[in-house]
Amino acid sequence: DIIGWLAHGREEGAFDGCVVFDEAHRAKNLCADPPTATGRLVMALQDRLPGARVVYCSATGVSDLKQMAYADRLGLWGPGTNFVSFDVFRSSLERRGVGAMEMLALEMKQAGCFVARTLSWKGAE
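Right, let's walk through the structure included here. (Residues numbered from 1 in each chain as written. Predicted model: local features only at pLDDT ≥ 70, side-chain atom pairs only at ≥ 80, totals over all residues. Heavy atoms only, no water.)

**A few points about the overall build of the protein chain**
Tallying secondary structure elements over the protein chain gives 4 helices and 2 strands in all. For the protein chain, the α and β elements follow one another from N to C terminus as α-β-α-β-α-α. Residues counted as buried form 29% of the 125 residues belonging to the protein chain. Within the protein chain, contacts between residues at least 6 apart in sequence are counted, and of these 58% link residues at least 24 apart. With an accessible surface of roughly 8800 Å², the protein chain has 54% of that area assigned to carbon and sulfur atoms. Of the side chains in the protein chain, 14 bear a positive and 15 a negative charge, and the two mean positions are spaced by 3 Å. (Helix = DSSP H or I, 4+ residues; strand = E, 2+ residues; numbered from the N terminus. Buried < 20%, exposed > 50% of the residue type's maximum accessible area, 1.4 Å probe, protein only. Contact = heavy atoms within 4.5 Å. Areas by Shrake-Rupley, 256 points an atom, 1.4 Å probe, with all protein chains shown as cover. Lys, Arg positive; Asp, Glu negative; His and termini not counted. Charge placed at Lys NZ, Arg CZ, Asp CG, Glu CD.)

Printed below as a string of structure tokens:
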């Protein structure tokens, strides 16, 4: 059990280390009907480890806002934000269109919670 291993003899919620979700995009179907097992497990792990620091890593971009539902540690929705839930966050941005998504990406980059890199094609033949 991952939770038991991370707790290492302490109570479950005491873990305050870093959890890195590599290939995090695999949890993108949390909003699917039914949600995927990967999406459910990623959310359960985050819920059971409230003190953990979380890093989401993926080379796959988000093409639909609902694919971000698993990334609640970004702090874009929930307590202390303008959006009480992911659904409220999503509907607000979707009403505003592509421009809002671009603004979100810029805001996330400025806050340091989003890094995007592109590969150069220089010298490629």
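From this point on, the discussion continues.
**What to know about the pattern of salt bridges**
What the rule picks out here adds up to 1 salt bridge. In this structure, E94 engages R90 in a salt bridge whose closest nitrogen and oxygen atoms are separated by 3.6 Å. Placement of both E94 and R90 in helix 3 (residues 86-96) is noted, with a separation of 4 residues, approximately one turn of the helix. (Salt bridge = Lys/Arg side-chain N within 4 Å of Asp/Glu carboxyl O.)

**Overview of the side chain of H25**
Note on placement: H25 falls in the loop between strand 1 (18-21) and helix 2 (37-48). Setting aside its immediate chain neighbours within four residues, H25 contacts S58, T60 and Y70.

**A short note on unusual backbone geometry**
Of the consecutive residues D33 and P34, the connecting peptide bond is found in the cis state with omega at 0 degrees. With respect to the element layout, P34 can be found in the loop between strand 1 and helix 2. Not every positive phi belongs to a glycine, and H8 is a case in point at roughly 45 degrees. Residue position: H8 is located in the loop between helix 1 (2-7) and strand 1.

**Quick look at the pairing of strand 1**
Here strand 1 shows a buried face lined by V19 and F21 and an unburied face lined by C18 and V20. The pairing of strand 1 with strand 2 (residues 53-56) spans 4 bridges and is classified as parallel. Looking at the pairing, F21 lines up with Y56 of strand 2. Assessed by its sense of winding, the connection that carries the chain from strand 1 through helix 2 to strand 2 is right-handed. (Pairing = 2+ DSSP bridges. Right-handed = clockwise from strand over helix to strand, strands pointing away.)

**Re the packing of aromatic side chains**
Scanning the entire structure with this criterion turns up 6 aromatic pairs. Ring centres of W77 and F86 lie 4.8 Å apart, and the angle between their planes is 65 degrees; on these two criteria the pair is classed as edge-to-face. Taken individually, W77 and F86 each receive the classification buried, so the pair is uniform in this respect. Ring centres 6.2 Å apart and planes at 40 degrees place the aromatic pair F86 and F89 in the tilted group. (Phe/Tyr/Trp six-rings, centres within 6.5 Å; stacked < 30°, edge-to-face > 60°.)

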